[in-house]
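Here's the letter readout for the chains.
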Amino acid sequence: MFTIRSLLFWSLVYGYCGLCASIYLLKLLWSIGQGPAQTFRRGAREHPPRCLNDPSLGTHCYVRIKESGLRFHYVAAGERGKPLMLLLHGFPEFWYSWRYQLREFKTEYRVVALDLRGYGETDAPIHRENYKLDCLITDIKDILDSLGYSKCVLIGHDWGGMIAWLIAICYPEMVMKLIVINFPHPNVFTEYILRHPAQLFKSSYYYFFQIPWFPEFMFSINDFKALKHLFTSHHTGIRGKGCQLTTEDLEAYIYVFSQPGALSGPINHYRNIFSCLPLKHHMVTTPTLLLWGEKDAFMEVEMAEVTKIYVKNYFRLTILSEASHWLQQEQPDIVNKLIWTFLKEEARKKD
């Protein structure tokens, strides 16, 4: 029975990969037909936008992990010695997606916004095997050790939320509080996607990313139009009432992902996911806050409701109506207030 189920699962994965590849190939041919010069045009971006070196966001730092030998880049705000708040970004993002939180929480925390393995200025191993979930979990554990901390407030968004859930499951002693933005418990995600075609469609990029080199190429055509589209389109982008990305903000994202080879590491994160899920161990024993944008174009809100069955501790879910997938950038004031409330609430309970 297990063999048949496994066969059906992998048939679905590879079948959907082929379908997604065909669709994107048609999009490429259409773009070339409309204008080949425009399709393959890329703007020159030799220098980073000034916003990436804004001193109000914190200090750019690097740490090399002994075991893996990889050098990680992060931006830190707040005094050393204060409790650690570690921020894990999603795709296609990097440390800058936490700019509002770096400014907000530095008064009481040492806030560290990390570039995950393969992203931004962090080292990017070449082989996809170097991006298995086990490697990504170990990265966070080793970074905490290297920073001189044994535990932290852990906050993750999107793919960073996936990693945050896994850290809380595998190393609960390392996580004082868990805050996840727009990503359900990993088991909820894998079970839900197989039973709900709408979520399967919304997660089509997971399948498309299984294909070698072609996704990276499609992101780069038309001067990274697909990347701009994710953040600015009516369907997937930041909603009208939120904090819109400025031209400089958007250019910061394009600058980072337009560097040679900068897309392969981030996409490699997804190229191992189907061999790692579902999880054997899945219960979370850490106090948890789950924040969700109701209009998320990539994740159905019903998954947020189901997530609570996997948390055997205090659990709070807050769904923001009319908010998108990019919650901490779109509604920073509300998100920051909800995080403060959760942190203070738990502190009062201990007192």
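Residues numbered from 1 in each chain as written. Predicted model: local features only at pLDDT ≥ 70, side-chain atom pairs only at ≥ 80, totals over all residues. Heavy atoms only, no water.

A. Up close: the pairing of strand β2 (residues 71-77). For β2, a buried count of 6 out of 7 residues is recorded, marking the element as mostly surrounded by other parts of the structure. When strand β1 (residues 59-64) meets β2, the two strands line up antiparallel, connected through 6 bridges. The residue of β2 that forms the bridge with T59 is A76. Connecting β1 to the antiparallel partner β2 that follows it, the hairpin turn spans 6 residues, and G69 within it adopts a positive phi of roughly 80°. Looking at chain direction, β2 and strand β4 (residues 110-114) are connected through 4 bridges and run antiparallel. Each residue of the ladder has a partner; that of Y74, found in β4, is L114. (Buried < 20%, exposed > 50% of the residue type's maximum accessible area, 1.4 Å probe, protein only. Helix = DSSP H or I, 4+ residues; strand = E, 2+ residues; numbered from the N terminus. Pairing = 2+ DSSP bridges.)

B. Structural context of a nonpolar patch on the surface. Together, L25, L26 and L29 give the surface a local cluster of nonpolar side chains, amounting to about 300 Å² of exposed area. Counting through the fold element by element, L29 comes out in helix α1 (residues 2-34). (Patch = residues over 30% accessible without salt bridge, like charges linked within 9 Å, V, L, I, M, F, W, Y side chains within 5 Å. Areas by Shrake-Rupley, 256 points an atom, 1.4 Å probe, with all protein chains shown as cover. Salt bridge = Lys/Arg side-chain N within 4 Å of Asp/Glu carboxyl O.)

C. Layout of the packing of aromatic side chains. A complete count under the given rule lists 29 aromatic pairs for this structure. Judged by centre distance (6.0 Å) and plane angle (70°), the rings of Y205 and Y270 are edge-to-face. With Y205 in helix α8 (residues 204-208) and Y270 in the loop between α11 (264-268) and α12 (273-276), the pair connects residues that are 65 residues apart, well separated along the chain. Considered together, Y205 and Y270 belong to a single accessibility category, that of buried residues. For the pair Y205 and F298, a centre-to-centre distance of 5.8 Å together with 85° between the ring planes defines the contact as edge-to-face. Taken together, the positions of Y205 in helix α8 and F298 in the loop between β7 (288-293) and α13 (302-306) put the pair 93 residues apart, joining distant regions of the chain. For the pair Y205 and F298, a shared accessibility class is recorded, and that class is buried. (Phe/Tyr/Trp six-rings, centres within 6.5 Å; stacked < 30°, edge-to-face > 60°.)

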